[in-house]
Amino acid sequence: MDYEEKRRKLLNLVQEFRLIDDTFMTVVFKDKECTQLLIRCLLQRDDLQVVEVFTQRDLKNLWGRSVRLDILATDKTGAIYDIEVQRADSGASQKRARYNSSLLDSSITEPGGKYEELVETYVIFITENDYFEQGLPLYHVERVVQETGASFDDGEHILYVNGQYRGNDPVGSLMHDFFCRRPEEMNNAVLAKNVRYYKDDQEGVDYMCRISEEIWNDGKAEGKAEGRTEGRAEDVKALMESLNISFVQACNSLKIPQSDRAVIEKLLYQS
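Overview of the structure.

### What to know about the packing of aromatic side chains
Inspection of every chain in the model, using the stated rule, returns eleven aromatic pairs. A centroid spacing of 5.0 Å and a plane angle of 55 degrees characterise the contact between Phe132 and Tyr139, whose relative ring orientation is tilted. Judged by its relative accessible area of 28%, Phe132 is partly exposed. By relative accessible area, Tyr139 is classed as buried at 10%. Following the ring pairs from residue to residue traces out a cluster consisting of Phe17, Phe24, Tyr197, Tyr198 and Tyr207. The ring centre of Phe54 lies 4.2 Å from the NZ or CZ of Arg57, which sits over that ring. In this arrangement the basic side chain of Lys199 is found over the ring face of Phe24, its NZ or CZ atom lying 5.3 Å from the centre.

### Focus: the pattern of salt bridges
Taken as a whole and judged by the stated rule, the model has ten salt bridges. Two residues, Arg68 and Asp58, come together in a salt bridge whose shortest N-O distance is 2.8 Å. You can see Arg68 sitting in strand 2 (residues 67-75) and its partner Asp58 sitting in strand 1 (residues 50-59), a full ten residues away along the chain. For Arg68, a relative accessible area of 48% gives the class partly exposed. Taking relative accessible area as the criterion, Asp58 reaches 31% and is therefore assigned partly exposed. Here the residues in one salt-bridge network are Arg18, Asp21, Arg87 and Glu128, joined through shared partners.

### Let's talk about the packing of helix 3 (residues 32-43) against helix 6 (residues 189-200)
A pair of packed helices can be characterised by two numbers: the angle between their axes and the separation between those axes. Where helix 3 contacts helix 6, the two axes come as close as 9 Å, and the packing angle between them is 140 degrees. One finds that helix 3 runs oblique with respect to helix 6. Crossing hand, helix 3 versus helix 6: left-handed. For the pair formed by helix 3 and helix 6, the contact residues are Glu33, Cys34 and Leu37 on the first element and Val190, Leu191 and Asn194 on the second. Taken together, the residues of the contact of helix 3 with helix 6 sort by class into four nonpolar, one polar and one charged.

Thresholds applied
Along each chain, residue indices are assigned from 1 in the same order as the chain's sequence is written. Only residues with pLDDT of 70 or above have their local features reported here, since the model is predicted, and side-chain atom pairs are shown and tallied only from 80 upward, although totals for entire chains, interfaces and linings are computed over all residues. Hydrogens and waters are ignored; side-chain quantities use all the structure's heavy atoms. Any two of the Phe, Tyr and Trp rings considered here, Trp counted by its six-membered ring, make a pair once their centres fall within 6.5 Å; the pair's planes then place it as stacked at under 30 degrees, edge-to-face at over 60, or tilted in between. A 1.4 Å probe rolled over the protein chains alone gives each residue an accessible area, and that area as a share of the maximum for its type sets the label: buried under 20%, exposed over 50%, partly exposed in between. Comment: the charge-over-ring label is applied if NZ (Lys) or CZ (Arg) is within 6 Å of the ring centre and within 35 degrees of the ring normal. Put simply, a salt bridge is a Lys or Arg side-chain nitrogen that is within 4 Å of an Asp or Glu carboxyl oxygen. Under the scheme used here, helices are H or I runs from DSSP no shorter than 4 residues and strands are E runs no shorter than 2 residues, and both carry numbers assigned from the N terminus. Fitting a line to C-alpha atoms yields each axis, with helices limited to the stretch in contact; the angle taken between N-to-C directions then spans 0 to 180 degrees. These descriptions rest on fixed angle ranges, namely under 35 degrees for roughly parallel, over 145 for roughly antiparallel, 65 to 115 for roughly perpendicular, and the rest for oblique. Left-handed is the label given to a crossing in which the near helix is rotated counterclockwise from the far helix by less than a right angle, and right-handed is the label when the rotation is clockwise. The contact rule is simple, with two residues in contact once any of their heavy atoms fall within 4.5 Å. Gly is put with the polar residues, along with every residue not named as nonpolar or charged; the nonpolar set is Ala, Val, Leu, Ile, Met, Phe, Trp, Tyr, Cys and Pro, and the charged set is Asp, Glu, Lys and Arg.

What follows is the structure, given as structure tokens:
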């Protein structure tokens, strides 16, 4: 593929982006005003002031799985917001919400710190589909004491946003904008301004093309790696069957690194 053809494909890709696409969303919502508009709308808090925004932020876990957050924001009170867009329902699982919430807590605690000093945390999933299938715009998840019905006010909040909702209210207006490809179709002027910059302004378009090209190249590299792994899995399977030996013996014979064996074993098991 020559440069001009590749450039044309990248430009077309940029024009197809919507805010529900995490690549585009994490670029647009680097803007603090956009993130503040989003959180204010979802929490119905006109007084909320966002002071810092990070996108594609890694939360490390030395003893388990780390995560990369689409948007990590803090407000003037110190509250922390993890905002994720999910095209597939599987990416918005309830266990994932729980895990993200736990990592927010672990990332802000210091040795010897008091539990009472933990700040409010919000994990917000904006889903393309209506995850709970009840037709509501928002689903608030809060702990309660089952025997009394009283709120268990631990400062942890989980919110699911129904991307299919199109009611005549601020959430419906916002979700409409999340699925627009063109800024002139959008309701919110702040969002439209930033979308227009990355769609129509030469500097913004060039930036999005660079981001898209990086994703493109990463995807090609990942595809090649997957292809190599699948090829190794076939080699292991063939050796096991022809010599009637175990998985470990086949891997040892083929000198397959320990780091690759779990993936190969999973591929063989699935097949």
